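# A look at the structure
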Amino acid sequence: MPDLAFDIAHMLAGSLVLVSFMMIYQDRLSALLNTFALQALLLAAAVGWQAYIQGASHLYASAGIALVFKAIIVPWALHKMIQRLGIHREVETVVGVVPTMLAGMGLVALSILLMLQLTETAESALAREDLAFSLSVILLGMLMMVTRRNAVSQVVGFMSLENGLILATTGAQGMPFVVEISVAFSVLIAMIVIGVFLFRIRERFDSVDTEAIEHFRGEKRS
Amino acid sequence: MSFDPPSLVLIVPAVAAAMLALMPSYRASAWINVAASLLTFLAAASLFVVERPEAGDYLHVDDLNIVFIVLNTFVGLTAAVFSASYIGHELQTGRVTPANLRFYHAMYQVMMFGMNLALVSNNIGLMWVAVELATLSTVLMVGLYRTHEALEAAWKYFILGSVGIALALFGTILIYMAAQPILGEGLPSMVSSKLIASAAELDPKMLNVAFVFLIVGYGTKVGLAPFHAWLPDAHAEGPTPISAVLSGLLLNVALYVVLRFKMLMAANETALAPGPLMVALGLLSLVFAAAMLYRRRDIKRLFAYSSIEHMGIIVFAFGMGGALANFAGLLHMVMHSLTKSAIFFAVGSIAQIKGTQRLADIRGLTQSHPLLGWGLVIAVLSIAGMPPSGVFMSEFLVVTTSFSRAPILALVLVFGLVLAFAALLLHLTGVAFGEPSGEDEPLHSTLVPLWLHLALIMLIGLHMPGPMVEWFRSVAALLG
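Residues numbered from 1 in each chain as written. Chains lettered and ligands numbered in written order. Predicted model: local features only at pLDDT ≥ 70, side-chain atom pairs only at ≥ 80, totals over all residues. Heavy atoms only, no water.

### Brief notes about the overall build of chain B
Rules: Going along the chain from the N terminus, every DSSP run of H or I of four or more residues is numbered as a helix, and every run of E of two or more is numbered as a strand. For the radius of gyration, the atoms used are the C-alpha atoms, and the globule rule reads 2.2 Å times the number of residues raised to 0.38. Any residue under 20% of the maximum accessible area for its type is buried, any over 50% is exposed, and the rest in between are partly exposed; the area is computed with a 1.4 Å probe on protein chains only. Contacts are assigned to residue pairs that have any heavy atoms within 4.5 Å of one another. In short, Shrake-Rupley with a 1.4 Å probe defines the accessible areas, and a residue's cover is counted only from the protein chains shown. Positive charge is attributed to Lys and Arg, negative charge to Asp and Glu, and no charge count is given to His or to the chain ends. We put the charge of a Lys on NZ, of an Arg on CZ, of an Asp on CG and of a Glu on CD.
When helices and strands are tallied, chain B shows 19 helices and 0 strands. In terms of overall size, chain B behaves like a compact globule, its C-alpha atoms giving a radius of gyration of 21 Å where 480 residues would be expected to give roughly 23 Å. Oriented by its inertia axes, the alpha-carbon framework of chain B measures out at about 65 × 55 × 45 Å. The 480 residues of chain B split such that 66% are buried. Put simply, of all contacts in chain B between residues at least 6 apart along the chain, 80% involve residues at least 24 apart. With an accessible surface of roughly 14900 Å², chain B has 71% of that area assigned to carbon and sulfur atoms. Taken together, the 22 basic and 25 acidic charged side chains of chain B have centroids lying 7 Å from each other.

### Topic: the nonpolar core
Note the cut-off: The nonpolar core is taken to be a set of buried Ala, Val, Leu, Ile, Met, Phe, Trp, Tyr and Cys residues, with the residues joined through side-chain atoms within 4.5 Å.
Core analysis: the biggest nonpolar cluster contains 254 residues, and Phe170(B) and Phe472(B) have the highest contact counts within it. For this core, the element with the most residues is helix 6 (residues 148-183) of chain B, which contributes 21 residues.

### Points about the pattern of salt bridges
Residue and element names in this part refer to chain B. Heads up, the condition is: Counted as salt bridges are all cases of a side-chain nitrogen of Lys or Arg within 4 Å of a carboxyl oxygen of Asp or Glu.
Enumeration according to the criterion identifies 9 salt bridges over all chains in this entry. Salt-bridge contacts for glutamate 237 lead to arginine 301; the nearest nitrogen and oxygen are separated by 3.2 Å. On the criterion of sequence distance, the pair formed by glutamate 237 in helix 9 (residues 230-237) and arginine 301 in helix 12 (residues 299-320) is long-range, its members being 64 residues apart. Just as glutamate 237 is buried, arginine 301 falls in that class too. With its nearest N and O atoms 3.4 Å apart, the salt bridge here joins glutamate 470 to arginine 473. Here arginine 473 and glutamate 470 lie together in helix 19 (residues 466-479), a separation of 3 residues that amounts to about one turn. What makes glutamate 470 partly exposed here is its relative accessible area of 48%. A cluster of three or more residues bridged by salt bridges with shared partners is formed by Lys156, Asp233, Glu237 and Arg301.

### As for a nonpolar patch on the surface
Residue and element names in this part refer to chain A. Keep this limit in mind: Patch definition: residues with relative accessible area over 30% and no salt bridge; like charges joined within 9 Å; nonpolar side chains (Val, Leu, Ile, Met, Phe, Trp, Tyr) joined within 5 Å.
A surface patch of nonpolar side chains, about 490 Å² in accessible area, is lined by Leu38, Leu41, Leu67, Val68, Ile72 and Ile73. Elements with a contribution of two residues or more to the nonpolar patch: helix 2 (29-54) and helix 3 (58-85). With respect to the element layout, isoleucine 72 can be found in helix 3.

### Section: the side chain of Thr169(A)
With respect to the secondary-structure elements, Thr169(A) resides in helix 6 (residues 151-171). If sequence neighbours within four positions are ignored, Thr169(A) has contacts with Met175(A), Val178(A) and Ile173(B).

Written as structure tokens, this is what we have:
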């Protein structure tokens, strides 16, 4: 049933974009982390489904990494951390929710227009739409990184961006290094989380608000 | 795996990194670091004489990357020598702990491994992983001092670098998607030599979008304006040997990757010409950084902006393309690496003597420390483009070629160069001449790497060896 397979893949990839939108309007850090965990779960399902329909067993490893590492371990660790820092209730958005949502819609429209036009000649419709969806997730992740000032939400924005990349790598049929790239990204994320932990941004800067640490600049010291 | 030179430039740093991670004594590890860098450099130098292996699916050696590898391992060696003499004093002043140093030395070799891997890889996926590895290891070293500023710099570098690298990966995926119908599924579609060979058949629209992602992504790592925000902070707050390596090497590695993709784009005639985009970014970086040079108060930040300026010139030259401009770009890249790392060696010694990086607190170095002060004067005059240094020759070539091909752009270029020249001179007179002021500790670090680099720059500036000219010419032709 190639059509059903396509529909499921389509639905999973589409719901990643939907969850990206959900993340934009979360105004509590813990809710944001839960939404991120949901996105990682969907990513694991999407990658797993691709592995099944492409018959590419190495993609199961990518799906496993997404499931264990990004849907469980990282959200858990970040939950622990924001509890310890006592910031699990706050989120400061720099730009309001409505303009951000509108900008997000604009970005999704842009990426779909760009990618569908770009891949007109591609044989598989799946690859085309996957690419459009993944670019949307990437751009929404970037949007989140620029509209949030809190270091933890910036990290979540980056991880969501990276979910989009993993979706793109699995959509590109037969692309080598997919597992390696998943591992490389996991190392990257682990480093961010450990970095925030070890450097104890709270202790050093009294805040995880990156605006507060931004005034330490060579030029401004007198 | 066989033990031919291309794999040796990878195996030596990898083994050394593992050894250094286990080595408790910092003195021993500093010298192991030097020895490993020396071995890597010898392996790289032997690439000239031994027969080159066939280009594989993962690794390859050609005329282009040999320039980068030899330069990379050479500056890696001199920076390791400088670091060995420099870092002991940092330990005495309590800026680092022995445990930090163990980590630092291991990371130094991890970084060398990452950079060498990016340079020898013939595979765009592997290249991406290698650039990421090199970035991560430098992020860790920038944060080594654990001060407010160092952590903020590392965080900023990390976030901007990660976004850049994410965009570069998306570009890489697009290239794969473009190649997949032609070269087939799997590994062959990511081998850069095969991609270039069959570039004409790839879908030009796909390549265009991919290239935009790639140049923004890897351009962030090159430090091109407007994606440069991480660069001054990372240079100013990390240990000085790392500033030298960042400016002298890591920017080049990112540039090399951009050049590889430029070759791919140029091989497809229907695709967007990569030149104008690179010319625009290069000029923007040059003029912007030159203007920023004036109001610097921190000596390392000053030279970090100067690195952005020079990367701008190099990208501009490669963007112009053609045999002469490529030759000039390549020469300027080599000269910039040697000169800028020499400057950072001097700056590191100065910061240790004076106990500060503030430009206003450093005065009269030529009187208090003649050898160091004059070394700095010569190095800064060289980087500003005074004859007889090699930088003068390469800048002269860039300017003359651009005057003959695009006079209006050449005016902008010259404006930027003059602006930067004046700014550097302005700061240099304050630092080097006048009455010495501030703390005056004896010199703790060796000046050998500084003067060695200066000698090389002058040698190339006065008389560039014939074989080197031939070699650079063939590379310039390869770049198209």
